[in-house]
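Fold and contact review
Okay, here's what each chain looks like letter by letter:
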Amino acid sequence: MKSEFHAVVRALSQRVIGKTEQIKLAVTCLLANGHLLIEDLPGMGKTTLSHSLSDALGMAFSRVQFTSDLLPSDMLGVNIFDKGAQQFSFREGPIFTQLLLADEINRASPKTQSALLEAMEEKQVSIDGVTYPLPSPFFVIGTQNPGYQSGTYPLPESQLDRFLMRISLGYPNWEAEKAMLKSGSQRTFDHLNSLMTAETLEMHQKAVSDVHASDDVLNYVLRLVTRSREDSHYPNPLSPRATKALLHAARAWAYLHERDYVVPEDVQAIFIAVAEHRLRSSRSDLQNDDVLSQTLLDDVDPLAA
Amino acid sequence: MSPPRLPIAGHKASLTIAVLFALITLSLSEPALLWVMLLAGCSVMVRVALYLGWYHSAPSVRTINLLAVLCAIALAWFGVSLGLLLSMVNLLIMACALKLMIMTRRKDFLQLFTAMLFLIGCGFIFAQSISALTMYLVLLGLALLSLLSAFAPSLALIKQLRLLGMMFIQAAPIAVMLFLIMPQLSPLWKMPTAKSTATGLSEQVTPGDIASLSQSSELAFTASFDENLPPASERYWRALTLEDFDGKTWSVSQIRRDLRTQFQKQSNEFSPSVSGTSFRYQVIAEPTGQRWLYGIDIASPDGQSANELIWQGHDYQLIAREPLMSKRAYRLISYPAASLNSGHTRFDKNLNLRIPESGNPRTQALASQLRQRFSSDAEYAQAIMQRFADPVYRYTLEPEPMQTNPVDMFLFDKQAGFCSHYASTMAYLLRLANIPARMVTGYHGGEEISPNVFTVRQYDAHAWVEAWLGERGWVRFDPTSVVAPARLEFGLQRALEESGETINASAFDGLYQSAGFTELRRFFANVDYLWSRWVLGFDAHSQRNLFKRLLGELSAGKLAILFVCVLFLIAALLALYFLPSWQRQRIVQHQRLYLLGVEAVASYAGIPRSTQPPQRYCESIKPHLPEAARTSFENLTLAFIDASYRQRASSGLVSEMKQSLKQLRRNLRRKK
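The name given to chain B in an unreviewed UniProt entry is Protein-glutamine gamma-glutamyltransferase, and the organism recorded there is Alteromonas halophila.

By the naming in an unreviewed UniProt entry, chain A goes by ATPase AAA and is assigned to Alteromonas halophila. Comment text from UniProt for chain A, heading Sequence similarities (unreviewed entry), reads "Belongs to the MoxR family."

In structure tokens form, the structure reads like this:
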């Protein structure tokens, strides 16, 4: 693993104990310049993870707690009439940051959700006909409670697609939880030292595109997505955007592991995180098991037939 | 495991090959037997019905076997009279038809495809014109298209066509080179003896026959002159000399024929004495199934190859040693000013004085009456010509039938006819006056399609008279020239226009005669001529000439170098075309080696790879392997990963992998 990122992952592991794999995926997601969706029950460390991530990567952080009465302007910002200057001036909302934690995104109304997702896609905000670019880098970490909880608006498939990865932390194991108890809760006081600047991160992001993906890897990715389209077992086949996302995430994973070429293992490592939320249908009862993507992985041979 | 079955209904490749088969069979309708064609038609219907889903299973193998036995017996029965080549062509069509009915597997399809290629080849035995070439090229394209759609059914038609076109273009230079350097072998089979319907002239002329012939615009031959052209009025192309007359019909004399056979046995060939100006030319004769050739008097073969082909008859006729079953090119040299007075003159004279004892009394009376007035032979002949100059004699292509005493009827009652009528009458009158005379048939005129190149068509057929006038030998008289001078100067068309007739009265006449159309016709005639001259006419002789022009004086060493060069060039072209796919194969080879290694370790440890990627499988199986095997399998896996996923030249990797694989197998065996 690249030493800078190794340090980041280690630091984060001390905050969110026993979830190294998920932390690595989260870092990969940022490295691949994609937005991350964390899906979990309350109290699993979603907020801790995102907060520590922004600290460690040296990014400006802000947080929006989504509720059903949150309006788009609460998040994006408003034009306010300045009496002194006798004109309107724009007051930026919490979205003007580098890392935005959109907490419990599925509690907000669809209107607010789509305003956020539009900003995520365009990396800019339009208010009253004026366009304001968002800072760079710009990441959104959305957290979501599983859909069966009351008072939620599950994100539609088309919007889930905007998140490069979806991870789920899950309950920590016995030792991890015990270690957490021993260390005590010091989240609010303990500010993590930044291990990397936003500029370095951007440089690494650019380098990810140069990771070589051979024809065999491309064919493997294509076989995976084609399988999802041909087999009626999958309610939502993978889109070309998903194909691009898979390859880019695999490149980032390979880059994180200090390889300048992609191997099928990279694709497999990120596959569940990238593909599962796209494959699932929101209408079917949301399960937290990663059945669909796992079956797909098991069915398709990385070596050409 | 049984080979995969082809889908039946809606399988495009099967339908394409069925259509192709129908087209080829139609193009081979001449050599194919009627019942074989019917069988082929049935099989195509079966295939179409299967394609449309009217039936869901092909006929059973047992049915087809029974049918095959019956067909084989029938073919054996007909084959006796057909000869080897035609039987074989029919057998091939029959076999294809049967195969088409039971085609269920890809193997069947491939066999059928190969047989189609043979059938297309067979087509060229029977037709070699450029239009036939175009047709068969299209059929070949269709065959390849069906093959393509069998292997890549999901490819769009336009892409298939583009691929096909690319491959045709790639194959063209190789085909040209093979055409130029492959030894020109003589065919292994004999062509059937005669075409079923002989076209063109005939060895017998009953005036009235040529009427139908004159209307055909089929090509008779093409002549290209080296430099000098004979004047238009001298373009009398002799084909046949008819010396036997029975009162109605002129025919080739049986005595002459027997004599010729005898001479041929003794190889006593006629060599007339020639003098005066000469011109050289090449004739490309269309197939007639007959042996006569065309030449302008006095014609003799020019050069060794022409000598081998042509026998010169004592009646100045040129005879091919083999019947003209396909286009034949030969070179001639003609001496138009020389007198036709050599040879067995006494025999000739006696043969050409024979007349039937009775019949045509009025003509006999006229002959004796004329003879009394003109005692000189030449004057007598001139008097006959004078008589025909009388405007009561008309030129027509639609004469009334003249059954009894045809010469009398023609001369005194009808007084309208075409060249054969006049020639026949004149020759008869001459014989009656004890002047040796005979009828000559052939062609007159022709159309100049490009400088010095003439096409002569069937409607240029003509008949004229030769009379023996003492010292001068055989002298040509053409009574048609006084009856219808336009016929000779401007061709048949004009002559008929003057007499108020047309060749083929149809609405397209105006179009046919328009300048643009004539130009187009000339162009196609010229293309056809060039095709015959340079492609069909490319034989062992011209091949040797080509080599000489390339290499100078020929020697075995130089030839060997040429062949090696051409072969090298072909190999280089092939390599160029196939290199991309070979490179793809090389990567596949990596995988093959790796999978062999995987197979070895999996059977040793009992853990199959299933769908694990290489690195992970290596990790998971390592604990189950002996120490030495572990390293070699690791090396194998790493080399495979390098080859498949890394951006690195993969030259040495194959050998590296082979070595690791060998080590791995040895280590595993030792542990067992």
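**What about the overall build of chain A?**
Helix and strand counts for chain A come out as 12 helices and 9 strands. The 305 residues of chain A split such that 42% are buried. For chain A, restricting intrachain contacts to residue pairs at least 6 apart in sequence, the fraction spanning at least 24 positions comes to 77%.

**Regarding the UniProt feature "transmembrane region" (unreviewed entry) in chain B**
Residues and elements named next belong to chain B. UniProt feature "transmembrane region" (unreviewed entry): in the numbering of this structure it lies at residues 6-26, 33-54, 66-97, 109-127, 133-151, 163-182 and 559-579. Between the C-alpha atoms that bound residues 33-54 the distance is 29 Å, and the span itself is 86% helix and 0% strand. Structurally, residues 109-127 is divided into 95% helix and 0% strand, and its ends, taken at the C-alpha atoms, are 27 Å apart.

**Overview of the interface of chain A and chain B**
Contact with chain A, which involves 17 residues of that partner, is made by 10 residues of chain B. The set of elements that each furnish at least two residues to the side of chain A that touches chain B consists of helix 9 (215-230), helix 11 (264-279) and helix 12 (291-299) of chain A. A total of 3 residues in the side of chain A that touches chain B trace back to one element, the largest contributor, which is helix 11 of chain A. Here the residues of the side of chain A that touches chain B are counted per class, giving 9 nonpolar, 3 polar and 5 charged.

**Remarks on the nonpolar core**
One finds A:Ala26, A:Leu36, A:Met165, A:Leu246, A:Ala249, A:Ile270 and A:Val274 to be the most contacted residues of the largest nonpolar core, which totals 107 residues. Here this core gets 11 residues from one element, more than from any other, and that element is helix 10 (residues 240-256) of chain A. When sequence neighbours within four positions are dropped, the list of residues in contact with A:Ile270 reads A:Leu25, A:Thr28, A:Ala249, A:Ala250 and A:Trp253. Grouped together as the second largest cluster of nonpolar side chains are 75 residues, B:Ile298, B:Tyr380, B:Cys419 and B:Ala484 included.

**Details of the pairing of strand 3 (residues 77-82) of chain A**
Residue and element names in this part refer to chain A. Within strand 3, only 0 of the 6 residues are buried, which leaves the element largely exposed. Sheet topology note: the strand 3/strand 4 (residues 87-92) ladder contains 6 bridges and is antiparallel. Opposite aspartate 82, over in strand 4, you have glutamine 87 as the bridge partner. The turn linking strand 3 back onto strand 4 is made up of 4 residues, and glutamine 86 within it adopts a positive phi angle of 55 degrees.

**Examining the sheet that holds strand 4 (residues 244-245) of chain B**
Residues and elements named next belong to chain B. If you trace the 3 strands from one edge of the open sheet to the other, you get 1-5-4, paired in antiparallel fashion. The sheet terminates laterally at strand 1 (204-205) and strand 4, the two strands that pair on one side only. Relative to strand 5 (residues 250-251), strand 1 runs antiparallel, the two being bridged by 2 bridges. Bridged to valine 205 within strand 5 is tryptophan 250.

**A look at the sheet that holds strand 15 (residues 447-450) of chain B**
Residue and element names in this part refer to chain B. Strand order across the open sheet formed by 6 strands is 8-11-6-2-16-15, with antiparallel pairing between neighbours. Here the strands that pair on one side only, and so sit at the sheet edges, are strand 8 (299-301) and strand 15. Between one strand and the next, the sheet's axes are offset by a mean angle of 35 degrees, whatever the strand orientation. Taken together, the 3 bridges between strand 15 and strand 16 (residues 453-457) define a ladder with antiparallel strand orientation. Paired with serine 450 across the two strands is valine 453, which belongs to strand 16.

**Brief notes about the confidence of the model for chain B**
Detailed reading of predicted coordinates is not advised where the pLDDT is low. Residue and element names in this part refer to chain B. In the predicted model, chain B carries a mean pLDDT of 81, and 89% of its residues have values of at least 70. The low-confidence segment residues 192-199, where pLDDT is below 50, has 11 contacts with residues more than four positions distant or belonging to other chains. Segment residues 503-507 is flagged for pLDDT under 50; beyond a separation of four residues in sequence, or across chains, it makes 6 contacts in the model.

**Quick look at the environment of B:Lys12**
Residues and elements named next belong to chain B. Looking at the secondary structure, you find lysine 12 in helix 1 (residues 12-27). A tally of 15 C-beta atoms within 10 Å means that lysine 12 is categorised as partly exposed. Taking the C-alpha atoms as reference points, lysine 12 and proline 153, separated by 141 residues in sequence, lie 7.7 Å from one another. Not counting residues within four places of it along the chain, the set of residues in contact with lysine 12 comprises Ser149 and Pro153.

**Quick word on unusual backbone geometry**
Here the amide bond leading from A:Ser136 into A:Pro137 is cis, since omega sits at -10 degrees, within 30 degrees of zero. Here A:Pro137 is to be found in the loop between strand 7 (130-133) and strand 8 (139-144). With omega at -20 degrees, the peptide bond leading from B:Asp297 into B:Ile298 counts as cis. With phi around 65 degrees, B:Asn434 is a residue other than glycine that occupies positive phi space. Among the secondary structure elements, B:Asn434 is positioned in the loop between helix 15 (419-432) and strand 14 (437-444).

**A look at the packing of helix 4 (residues 84-102) of chain B against helix 5 (residues 106-126) of chain B**
Residues and elements named next belong to chain B. Packing of helix 4 against helix 5 brings their axes to within 10 Å, and their N-to-C directions diverge by 155 degrees. In this view, helix 4 runs roughly antiparallel relative to helix 5, as classed from their interaxial angle. Where helix 4 crosses over helix 5, the two elements pack in a sense that is left-handed. Between helix 4, through Val89, Leu92, Ile93, Ala95, Cys96, Lys99, Leu100 and Ile102, and helix 5, the contact on the second element is made entirely by Asp108, Gln111, Leu112, Ala115, Phe118, Leu119 and Cys122.

**Considerations on the environment of A:Ala304**
Topologically, A:Ala304 is positioned in the segment after helix 12. Separated by 84 residues in the primary sequence, A:Ala304 and A:Tyr220 place their C-alpha atoms 7.4 Å from one another. Apart from the residues within four sequence positions on either side, A:Ala304 is in contact with A:Asp216, A:Asn219 and B:Gln591.

**Re the pairing of strand 6 (residues 279-285) of chain B**
Residues and elements named next belong to chain B. As paired strands, strand 2 (residues 219-225) and strand 6 are joined by 5 bridges and run antiparallel to one another. Looking at the pairing, alanine 223 lines up with valine 283 of strand 6. For strand 6 and strand 11 (residues 328-334), the ladder comprises 7 bridges, and the chain directions are antiparallel. The residue of strand 11 that forms the bridge with phenylalanine 279 is serine 334.

**Here we look at the packing of helix 1 of chain B against helix 2 (residues 34-52) of chain B**
All names here are of chain B. Between helix 1 and helix 2, the least distance of the axes is 9 Å, while the angle of their chain directions is 160 degrees. When the interaxial angle is binned, helix 1 and helix 2 end up roughly antiparallel. By crossing handedness, the relation of helix 1 to helix 2 is classed as left-handed. Contact residues: Ser14, Leu15, Ala18, Phe21, Ala22 and Thr25 in helix 1; Met37, Ala40, Val44, Arg47, Val48 and Tyr51 in helix 2. Of the residues contributing to the contact of helix 1 with helix 2, the split by class is 9 nonpolar, 2 polar and 1 charged.

Thresholds, definitions, all that
Residues numbered from 1 in each chain as written. Chains lettered and ligands numbered in written order. Predicted model: local features only at pLDDT ≥ 70, side-chain atom pairs only at ≥ 80, totals over all residues. UniProt positions renumbered as here; feature names shortened; annotations may be inferred. Helix = DSSP H or I, 4+ residues; strand = E, 2+ residues; numbered from the N terminus. Buried ≥ 20, exposed ≤ 12 C-beta atoms within 10 Å, placed from the backbone. Contact = placed C-beta atoms within 7 Å. Nonpolar A, V, L, I, M, F, W, Y, C, P; charged D, E, K, R; others polar. Core = buried A, V, L, I, M, F, W, Y, C linked by C-beta atoms within 7 Å. Pairing = 2+ DSSP bridges. Axes fitted to C-alpha atoms, helices over the stretch in contact; angles between N-to-C directions. pLDDT = per-residue confidence, 0-100. Parallel < 35°, antiparallel > 145°, perpendicular 65-115°, else oblique. Left-handed = near helix turned anticlockwise from the far one by under 90°.

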